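Letter by letter, the chains look like this.
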Amino acid sequence: MRNPSVLFYTTLLLVLSWAGAPRAVAHAFLDHAAPRVGSTVTPAPSELTLSFTQNLEPAFSTVEVFDEKGAKVDKGDVTVDPNDGALLRVSLNPLPHGTYKVVWHVVSVDTHPTEGDFTFQVAP
Ligand SMILES: [Cu+2]
C-alpha cells in the first residue's frame, strides 16, 4: 500500500510544478514585430504584424499606428490571425517616408493585460 501512495504524491508534485511554472510567466509580451521594433524599412509595409508570447483575447487586443503628427495611419482592421492566436495584424495606409509609432494594448487568454509602444521608420 505504500508504493501507490508515494507514486500519487510524486505525480501530484510533478503536476503542480508543471502547472505552476508557466503560469508565473504567462503574460502576452511582444516577441517580435514586422516591421521590426526600431527598424528602418523600404518599401513601406502595407501591414503591421505583432507576434506575442501567448495567445490573445481578440475582443480586448488592439494596436494603432501613428505618424509624426499623431495622425492615425492604420486602417483600423485589427484582427488576431485565425491560424495563430498570438499574432495581431492591422493594415496600413500607404506610408510616406518618416517615423511611425506603434501603440499596442492586449489581453492574453489568461486575462492579464499588457501594453507597449515602439517606432519604426520608412526610408525615402
Ligand atoms: Cu498572464
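Above this text is the structure in question.
Computed from a prediction, not measured in an experiment: that's the story for all the values here. (Residues numbered from 1 in each chain as written. Predicted model: local features only at pLDDT ≥ 70, side-chain atom pairs only at ≥ 80, totals over all residues. Heavy atoms only, no water.)

### Description of unusual backbone geometry
Note: most peptide bonds trans; most residues except glycine with negative phi. Residue P35 is reached from A34 by a cis peptide bond, and omega for that bond is 0°. With respect to the element layout, P35 can be found in the loop between β1 (30-34) and β2 (40-41). Along the chain, T42 connects to P43 via a cis peptide bond; the corresponding omega equals 0°. One can find P43 in the loop between β2 and β3 (47-52). Although it is not a glycine, T111 adopts a positive phi angle of roughly 75°. Position of T111 relative to the elements: it lies in the loop between β7 (98-107) and β8 (113-122). (Helix = DSSP H or I, 4+ residues; strand = E, 2+ residues; numbered from the N terminus.)

### Overview of the pattern of salt bridges
Taken as a whole and judged by the stated rule, the model has four salt bridges. Its salt-bridge partner being K72, residue E64 comes within 3.2 Å of it at the nearest N-O pair. Residue classification places K72 among the partly exposed residues on the basis of a relative accessible area of 40%. With a closest N to O distance of 2.8 Å, D81 and R89 form a salt bridge. What you see here is one network of salt bridges that share partners, running through E47, D81 and R89. (Salt bridge = Lys/Arg side-chain N within 4 Å of Asp/Glu carboxyl O. Buried < 20%, exposed > 50% of the residue type's maximum accessible area, 1.4 Å probe, protein only.)

### Observations regarding the packing of aromatic side chains
For the coordinates displayed, the defined rule picks out two aromatic pairs. Residues F52 and W104 carry aromatic rings whose centres are separated by 5.0 Å and whose planes lie at 75° to one another, so their mutual orientation is edge-to-face. Taken together, the residues F52 in strand β3 and W104 in strand β7 connect sequence positions 52 residues apart. (Phe/Tyr/Trp six-rings, centres within 6.5 Å; stacked < 30°, edge-to-face > 60°.)

### Points about the nonpolar core
Counting 22 residues, the largest nonpolar core has L48, L50, V65 and F120 as the members making the most contacts within it. Of all the secondary-structure elements, those providing two or more residues to this core are β3, β4 (62-66), β6 (87-91), β7 and β8. Of the residues forming this core, the biggest block, four residues, is contributed by β7. Each residue touching L48, except ones within four places of it in the same chain, is listed here: A34, P35, V63, V65, L88, R89, V90, L92, V102, F118 and F120. (Core = buried A, V, L, I, M, F, W, Y, C linked by side-chain atoms within 4.5 Å. Contact = heavy atoms within 4.5 Å.)

### Side note on the sheet that holds β6
Pairing is antiparallel in the open sheet, where four strands are placed in the order β1-β3-β6-β5. Edge positions in the sheet fall to β1 and β5 (79-80), since each of these pairs with one other strand and no more. (Pairing = 2+ DSSP bridges.)

### What to know about the pairing of β3
Across the six residues of β3, five count as buried, placing the element largely inside the fold. Pairing of β1 with β3, which is carried by four bridges, proceeds in the antiparallel orientation. Across the sheet, residue A34 finds its bridge partner in β3, namely T49. As judged from the five bridges shared by β3 and β6, these two strands associate in the antiparallel manner. What sits directly across from T49, in β6, is R89.

From the geometry alone we can't say anything about function, so treat these as descriptive.
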